[in-house]
Amino acid sequence: MEQPNLDYILKLSAKSDTFKQKMIDILKYELPLEMDAYYECLRLNKIKETSECVHKLKHKIAVYGMENSFYIAQEYENNLREGRTELQKEFEETLIVIRDYTNLL
């Protein structure tokens, strides 16, 4: 499985430690909330809302430079819109990886 990194954030920050830290703080705040919302929508079988949660989360995946995982998230989002759950396992594995990485920051 590909690993998250801060390359995109470092590029955006243009060597500003303050900006970099603000981005990390946003990720640390938003990621758990968005993951909770995703799992809650999934538990309640709210497929449309689940796809919206995936849409938000895929942008976090992109920020971490995980191109293949972003593609999986995008396909999973499309699957959900069609009422299918293919790629759920792969998407959720990615969530665990980025959650653990974020917690270490």
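Being a predicted model, the structure only gives us computed values, none of them experimental.

A. Here's a closer look at the side chain of S69. Positionally, S69 belongs in helix α4 (residues 67-81). Of the residues examined, S69 reaches a relative accessible area of 4% and is grouped as buried. Beyond its immediate stretch of four places on either side in the chain, S69 contacts E2, I61 and T94.

B. The arrangement of the packing of aromatic side chains in detail. Overall, the coordinates contain five aromatic pairs when judged by the stated rule. Where Y38 meets F91, the ring centres are 5.3 Å apart and the plane angle is 65°; that geometry is what we call edge-to-face. Residue Y38 is found in helix α2 (residues 17-43), and its partner F91 is found in helix α5 (residues 88-104); the two are separated by 53 residues along the sequence. Of the two residues, Y38 and F91, neither departs from the other in class, the shared state being buried. In this structure an aromatic cluster arises from ring pairing among Y38, Y39, Y76 and F91.

C. Summary view of the environment of Y8. Inspection of the secondary structure puts Y8 in helix α1 (residues 7-13). Judged by relative accessible area, Y8 falls into the partly exposed class, the value being 41%. The spacing of Y8 and I72 is 64 residues in sequence and 19 Å in space, taken between C-alpha atoms.

D. Representation of the packing of α2 against helix α3 (residues 47-63) in the model. Two elements in contact, α2 and α3, have axes whose closest approach is 9 Å; the angle formed by their N-to-C orientations is 150°. Comparing their axes, α3 and α2 come out roughly antiparallel. Helix-helix and strand crossings are classified by hand; for α2 and α3 the assignment is left-handed. Here L27, E30, L31, E34, M35, A37, Y38, C41 and L42 of α2 lie close against α3, whose contacting residues are E49, T50, C53, V54, K56, L57, K60 and V63. Here the contact of α2 with α3 is composed, by residue class, of 11 nonpolar, one polar and five charged.

Procedures and definitions
Residues numbered from 1 in each chain as written. Predicted model: local features only at pLDDT ≥ 70, side-chain atom pairs only at ≥ 80, totals over all residues. Heavy atoms only, no water. Helix = DSSP H or I, 4+ residues; strand = E, 2+ residues; numbered from the N terminus. Buried < 20%, exposed > 50% of the residue type's maximum accessible area, 1.4 Å probe, protein only. Contact = heavy atoms within 4.5 Å. Phe/Tyr/Trp six-rings, centres within 6.5 Å; stacked < 30°, edge-to-face > 60°. Axes fitted to C-alpha atoms, helices over the stretch in contact; angles between N-to-C directions. Parallel < 35°, antiparallel > 145°, perpendicular 65-115°, else oblique. Left-handed = near helix turned anticlockwise from the far one by under 90°. Nonpolar A, V, L, I, M, F, W, Y, C, P; charged D, E, K, R; others polar.

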